[in-house]
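Analysis of the macromolecular model
For reference, the chains in residue letters:
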Amino acid sequence: MTNKITILAGDGIGPEVTEWGLKVLQYIGERFGCDFVFDQGLIGHCAIEATGDPLPTETLVKCQSSKAVLLGAVGHPSYDYDPSKTIRPEQGLLRIRKALGLYTNIRPIKIFDELIGASSLKPEILKGADILFFRELTGGIYFGERGISPDQLRAYDTMEYNRFEIERITERAFEAAMKRNKKLHSVDKANVLDTSRLWRDVVQEMSKKYPEVEVIHMYVDNAAMQLIRDPRQFDVVLTANMFGDILTDEASQISGSLGMLPSASVGKEVGLFEPIHGSAPDITGQNIANPLATILSSALLLDIAFDMKDEADCIIKAVDDVLKDGFRTRDIADSTTPKSMIIGTDEIGTEVMQALEVRLNQAVVI
Ligand code: NAD
């Protein structure tokens with residue numbers, strides 16, 4: 001079994017936040033003699049600049065020979081308002097997901113108690129919310145046939161799903177529901193879309209194998225509303241690619257900030273772990289990005305790719321310790337946070353490393 005972890009820092013704040021995800025992995029590796037081997041690769045805008053390709057073959061080969069990949073973010077503002085650009089950073093992300101067969105994106109959404117005031121939602125609505133999202137990642141409208149007419153008067157994107165694509169992620173979601181509160185919301189748009197009718201059919205069929213799991217089918221527009229009306233009604237949420245993309249950004253408010261949410265993408269052998277936020281060009285290079293989502297992604301990486309659950313829990317608790325001590329990056333500060341406690345990317349990263357060391361020295365692993 002390889003112990004190789006490839007770091008794809010990417011664009012914008014990607015390098016600033018992955019630096020801390022990497023430091024945490026290196027530290028855990030050294031402490032527990034894991035012999036992790038680290039490699040690095042280019043993806044996104046930085047890869048286009050260097051090679052003309054948002055996912056150079058060299059990067060893909062490195063990832064294919066790894067056990068896990070830690071990714072920062074891709075994206076650059078120079079592409080945002082220029083539809084004529086046919087080579088784009090985000091293509092690197094879509095292609096790596098497809099090439100590594102990462103069909104399931106897992107996004108745990110919960111709030112650290114200390115951050116309840118940082119969310120735009122009321123504390124009484126948030127307290128106790130704990131959702132596990134399963135977003136399909138290699139199918140649907142982001143991968144369907146698309147085009148734009150030469151006169152730019154018509155454009156189309158198509159949404160397509162095969163039964164097997166729905167089955168394999170549905171099985172993972174049911175298995176997770178069995179280990180949690182045995183409740184699964186399948187989110188679709190079956191009143192309008194054929195792909196959603198197929199989706200609903202598959203989920204219904206597979207639910208027979210899991211009679212203990214309560215299955216609730218919900219339309220995506222209703223789910224968007226219910227998520228912020230009463231997030232505690234959800235346990236496991238299963239949904240298609242684009243719906244999951246949008247809903248999990250919305251759900252980031254349940255955790256206080258986009259800067260707090262990790263994710264895992266799994267499928268075949270290699271797992272890819274990344275914060276759910278983008279490259280945040282508006283705050284790049286200012287040492288104000290929140291690295292905690294990336295640090296928590298490193299915890300997910302250890303848990304899922306290396307089965308190091310205790311070590312992963314220790315990282316999560318170290319993050320909690322730092323928040324309990326009152327430290328905040330700007331995005332998770334609220335009106336009650338003293339100015340002196342609002343610190344930068346590197347400072348909060350250093351605090352987490354220190355908290356991790358203290359926890360491990362005390363052997364308070366669980
Ligand atoms: P974004 O997630 O980059 O930023 C949205 C807002 O959240 C911004 O105000 C940003 O400053 C803030 N934010 C994001 N991450 C933060 C962090 N760690 N700490 C503090 N604040 C944070 O989304 P966007 O602005 O819509 O997109 C910017 C670029 O990122 C685009 O090019 C987009 O295509 C790309 N993108 C990439 C990914 C990815 O790599 N997985 C995901 C989403 C968007």
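Bear in mind that the values here come from a model prediction, so they are computed numbers and not experimental data.

As a further point, take the sheet that holds strand 1 (residues 4-10). Here we have ten strands laid out as an open sheet, ordered 2-1-3-12-11-4-5-10-8-9, and mixed in their pairing. Lying at the two open borders of the sheet, with one neighbouring strand each, are strand 2 (37-40) and strand 9 (214-219). The mean angle between the axes of side-by-side strands here comes to 20 degrees, regardless of whether they run parallel or antiparallel. In this sheet, strand 10 (residues 236-239) lies alongside strand 5 (residues 130-136) in parallel orientation, the contact comprising four bridges. Each residue of the ladder has a partner; that of Phe-134, found in strand 10, is Leu-238. With respect to the sheet, helix 3 (residues 57-64) is in contact with strand 1, strand 2 and strand 3 (68-73), its orientation differing from that of strand 1 by roughly 145 degrees.

In this approach, a probe sized like a water molecule rolls over the atoms, and the result shows the empty space that is left. Counted under the stated rule, the structure contains one cavity of 30 Å³ or more. Put simply, the largest cavity is a space of about 40 Å³. In terms of lining, the largest cavity is formed by Met-159, Tyr-161, Val-187, Asp-188, Thr-195, Ser-196, Trp-199, Ala-240 and Phe-243. Elements that contribute at least two residues to the lining of the largest cavity include exactly strand 8 (183-188) and helix 7 (194-207). For the lining of the largest cavity, the per-class residue count stands at six nonpolar, two polar and one charged.

So, on to the domain arrangement of the protein chain. In terms of domain boundaries, the protein chain breaks down into domain 1 (1-110 + 261-366) and domain 2 (120-255). Measuring from the centre of the C-alpha atoms in domain 1 to the corresponding centre in domain 2 gives 24 Å. Buried surface at the junction of domain 1 and domain 2, both sides included, amounts to about 1900 Å², of which 60% is carbon and sulfur. Its largest share of buried area at the contact with domain 2, domain 1 owes to Tyr-103, Arg-107 and Ile-109, together 37% of the area lost on that side. Joining domain 1 to domain 2, the criterion identifies one salt bridge. Of the charged contacts in the structure, one is a salt bridge between Asp-130 and Lys-110, with a shortest N-O distance of 4.0 Å. Applying the counting criterion to the domain 1 and domain 2 interface returns eight residue pairs in polar contact (both at pLDDT 80 or more). Of all elements in the fold, only helix 4 (89-99), strand 4 (104-110) and strand 11 (262-266) reach the threshold of two or more residues within the side of domain 1 that touches domain 2. Per-element accounting of the side of domain 1 that touches domain 2 gives the leading share, seven residues, to strand 4. Its residues assigned to classes, the side of domain 1 that touches domain 2 shows nine nonpolar, four polar and four charged.

A few words on the nonpolar core. Across soluble globular proteins, nonpolar side chains have a tendency to be buried as a group. In this structure, Phe-134, Ile-254, Leu-292 and Leu-356 are the most contacted members of the largest nonpolar core, which totals 88 residues. Two domains share this core, each providing at least three of its residues, namely domain 1 (1-110 + 261-366) and domain 2 (120-255). With near-sequence residues (within four places) excluded, Ile-254 lies in contact with Ile-109, Ile-111, Leu-121, Leu-126, Ala-129, Ile-131, Leu-227 and Pro-231. In this structure, Leu-8, Ile-43, Val-69 and Val-270 belong to the second largest nonpolar core, which totals 14 residues.

Reading guide: rules and limits
- Residues numbered from 1 in each chain as written.
- Predicted model: local features only at pLDDT ≥ 70, side-chain atom pairs only at ≥ 80, totals over all residues.
- Heavy atoms only, no water.
- Pairing = 2+ DSSP bridges.
- Helix = DSSP H or I, 4+ residues; strand = E, 2+ residues; numbered from the N terminus.
- Axes fitted to C-alpha atoms, helices over the stretch in contact; angles between N-to-C directions.
- Contact = heavy atoms within 4.5 Å.
- 1 Å grid on protein atoms, 1.4 Å probe; cavity = no way out; pocket = protein on both sides within 12 Å on 5 of 7 lines; lining within 4 Å.
- Points joined across faces, edges and corners; volume = space filled by probe spheres on them.
- Nonpolar A, V, L, I, M, F, W, Y, C, P; charged D, E, K, R; others polar.
- Domains from an automatic or database assignment.
- Buried area = accessible area lost by both parts, 1.4 Å probe.
- Salt bridge = Lys/Arg side-chain N within 4 Å of Asp/Glu carboxyl O.
- Polar contact = N/O pair within 3.5 Å; in protein donor to acceptor, adjacent residues only side chain to side chain.
- Core = buried A, V, L, I, M, F, W, Y, C linked by side-chain atoms within 4.5 Å.
- Buried < 20%, exposed > 50% of the residue type's maximum accessible area, 1.4 Å probe, protein only.

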